[in-house]
Amino acid sequence: MTTASPVTEGSRITVCEVGPRDGFQNEKTFIPTAKKIEIANALFASGLRHMQVTSFVSPRAVPQLADAEEVLAGIDRPEGAWVTALVPNLRGAERAATCKLDAVHTVVSASETHNLKNVNRPVEQSLEEMAAVFEVLKAAGIGVEGGMATAFGCPFEGVVPPEQVARIARRYQELGADSVSLGDTTGMATPQTVRAAIRAIREAAPGLEIHLHFHNTRGVGLACVMTGLAEGVTHYDAAVGGLGGCPFAAGATGNICTEDLVYLLQESGYETGVDLDALIGAARLTQGQIGRPLPGQVLKAGPRLKRHDPKLTVTAAG
Ligand code: COA
Ligand code: ZN
């Protein structure tokens, strides 16, 4: 059994903001390009440095992200920024290669039915196309994070065995991926399945960096992060305000919330480089644009030591 040491307190944890991609893709009303750029810039200004900004997908499949090139051209890139975008196929890789990107997040599902729904082709066909995708991206000097959807369960097929996840991770490693990202598309991950998937990958693809991408559909997203930390994983995706969800997966809801994740990590003694108050400000800006309350909890409650004026709370008088 291949195990790793837990991440020790004081370590730097990478929080990758995916709201502008995973979050916006699930919004029906078009968010103006300038607003997308403003939100991404506010997120960078809070100290976040890793961001998945958009997708190079079919504008018919996801009209919300049809402005990928314009958004990427418009955002600020603070010192140390690491900007990524999602790519499902060769056409997407060719578009990405014309943009300023540090890395691309490719996508294939661990389950056959979700891959058919999401990218309209069998898993094996997606993997075969990856060779050309990697070639185009490498030639453009763009890194590759091998994304895997439904890695902890599929809303159409149920259980996804860790061996299947490990097999795809191994294919990504052979293609030359810098990392593999395990996506919990509909929040089916549990601490037990997270541990099993990580250990199976370490066995099958030793040395391949693992990233974790949880959705909070069943309320255990942050518990899964704690398991990831115990297993030595230092990279987590999250979406501002808890936005997110795949339009092609039944029952998909938001990612784990960036403010809640940053709060948990900071209160647990990890370094994130993020100013939580500024991040809450960026979440408010996002919520204002979306026009409905977002699920994030720290957005509502504020940081732990936020002080309330006693004069503004009623006193119980018997
Ligand atoms: N960007 C822009 N347009 C694209 C494209 C891309 N990456 N890939 C394909 N297209 C266009 C083609 O040019 C073609 O256009 P045309 O009809 O005007 O000639 C059309 O889309 C159909 O191409 P085809 O290769 O047959 O695609 P498809 O219909 O089998 O769809 C995907 C495949 C991958 C493009 C589509 O399923 C998709 O975009 N999925 C993304 C899903 C997603 O974002 N999920 C959430 C994130 S996990
Ligand atoms: Zn997701």
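The structure under discussion appears in the preceding block.
What this report covers is the structure whose coordinates are included nearby. It should be emphasised that the depicted structure is a prediction, and the values quoted were computed from it without experimental measurement. (Residues numbered from 1 in each chain as written. Chains lettered and ligands numbered in written order. Predicted model: local features only at pLDDT ≥ 70, side-chain atom pairs only at ≥ 80, totals over all residues. Heavy atoms only, no water.)

Quick look at the pairing of strand β7 (residues 209-213) now. The element β7 is extensively covered by neighbouring structure, given that four of its five residues are classed as buried. The parallel pair strand β6 (residues 179-183) and β7 is bridged by helix α8 (residues 191-204), and the resulting crossover is right-handed. Note that β7 and strand β8 (residues 235-238) share two bridges and pair parallel. Looking across to β8, one finds that H213 is bridged to D237. Read as a crossover between parallel neighbours, the route from β7 over helix α9 (residues 221-230) to β8 is right-handed. (Buried < 20%, exposed > 50% of the residue type's maximum accessible area, 1.4 Å probe, protein only. Helix = DSSP H or I, 4+ residues; strand = E, 2+ residues; numbered from the N terminus. Right-handed = clockwise from strand over helix to strand, strands pointing away. Pairing = 2+ DSSP bridges.)

This part takes up the site of ligand 1. The immediate surroundings of ligand 1 are formed by 19 residues, with S58, N89, R95, N118 and N120 found nearest. One nitrogen or oxygen atom from the side chain of R95 is found 2.9 Å from a nitrogen atom belonging to ligand 1. For ligand 1, whose free accessible area comes to 930 Å², the fraction covered by protein is 67%. Contributing elements (two or more residues each) for the shell around ligand 1: α4 (90-96) and α5 (112-119). (Near = heavy atom within 4 Å. Polar contact = N/O pair within 3.5 Å; in protein donor to acceptor, adjacent residues only side chain to side chain. Areas by Shrake-Rupley, 256 points an atom, 1.4 Å probe, with all protein chains shown as cover.)

To continue, consider the pairing of strand β1 (residues 14-17). Residues in a regular strand point their side chains to alternate faces of the sheet. Pairing analysis gives four bridges linking β1 to β8, with the strands arranged parallel. In the sheet register, V15 faces β8, and the bridge partner there is Y236. With two bridges connecting them, β1 and strand β2 (residues 50-55) associate as parallel partners. Note that in β2 the partner of E17 across the bridge is M51.

This part is about unusual backbone geometry. One non-glycine residue, N120, adopts positive backbone phi at about 60 degrees. The exposure class of N120 is exposed, given its relative accessible area of 67%. Although it is not a glycine, T150 sits at a positive phi angle of roughly 45 degrees.

It is worth spelling out the coordination of the zinc ion (ligand 2) at this point. At the metal site, the zinc ion (ligand 2) is ligated by D22 (OD), H213 (NE2) and H215 (NE2), and these contacts range over 1.9 to 2.1 Å. Mapping the donors of the zinc ion (ligand 2) onto the primary sequence gives the spacing D-x190-H-x1-H. Linking D22 in helix α1 (residues 19-23) with H213 in strand β7, this pair joins segments that are 191 residues apart in sequence. (Donors = N, O, S within 2.8 Å, 3.2 Å for Na, K, Ca; no water.)

Glancing now at the sheet that holds β2. The parallel closed barrel is built from eight strands, whose spatial order is β1-β2-β3-β4-β5-β6-β7-β8. Between one strand axis and the next, the sheet turns through 25 degrees on average, direction left out of account. Sheet topology note: the strand β4 (residues 103-109)/strand β5 (residues 143-149) ladder contains seven bridges and is parallel. Directly across from T106, in β5, lies its bridge partner G146. In the packing of α8 onto the sheet, the strands contacted are β6 and β7, and the crossing angle to β7 comes to about 155 degrees. (Axes fitted to C-alpha atoms, helices over the stretch in contact; angles between N-to-C directions. Contact = heavy atoms within 4.5 Å.)

Where helix α6 (residues 123-139) contacts helix α7 (residues 162-175), the two axes come as close as 10 Å, and the packing angle between them is 20 degrees. Here α6 is positioned roughly parallel relative to α7, judged by the angle of their axes. Between α6 and α7 the crossing geometry is right-handed. For the pair α6 and α7, contact is made by V123, E124, L127, E128, M130, A131 and F134 and by R167, I168, R171, Y172 and L175, respectively. Partitioned by chemical class, the residues of the contact of α6 with α7 number eight nonpolar, no polar and four charged. (Parallel < 35°, antiparallel > 145°, perpendicular 65-115°, else oblique. Left-handed = near helix turned anticlockwise from the far one by under 90°. Nonpolar A, V, L, I, M, F, W, Y, C, P; charged D, E, K, R; others polar.)

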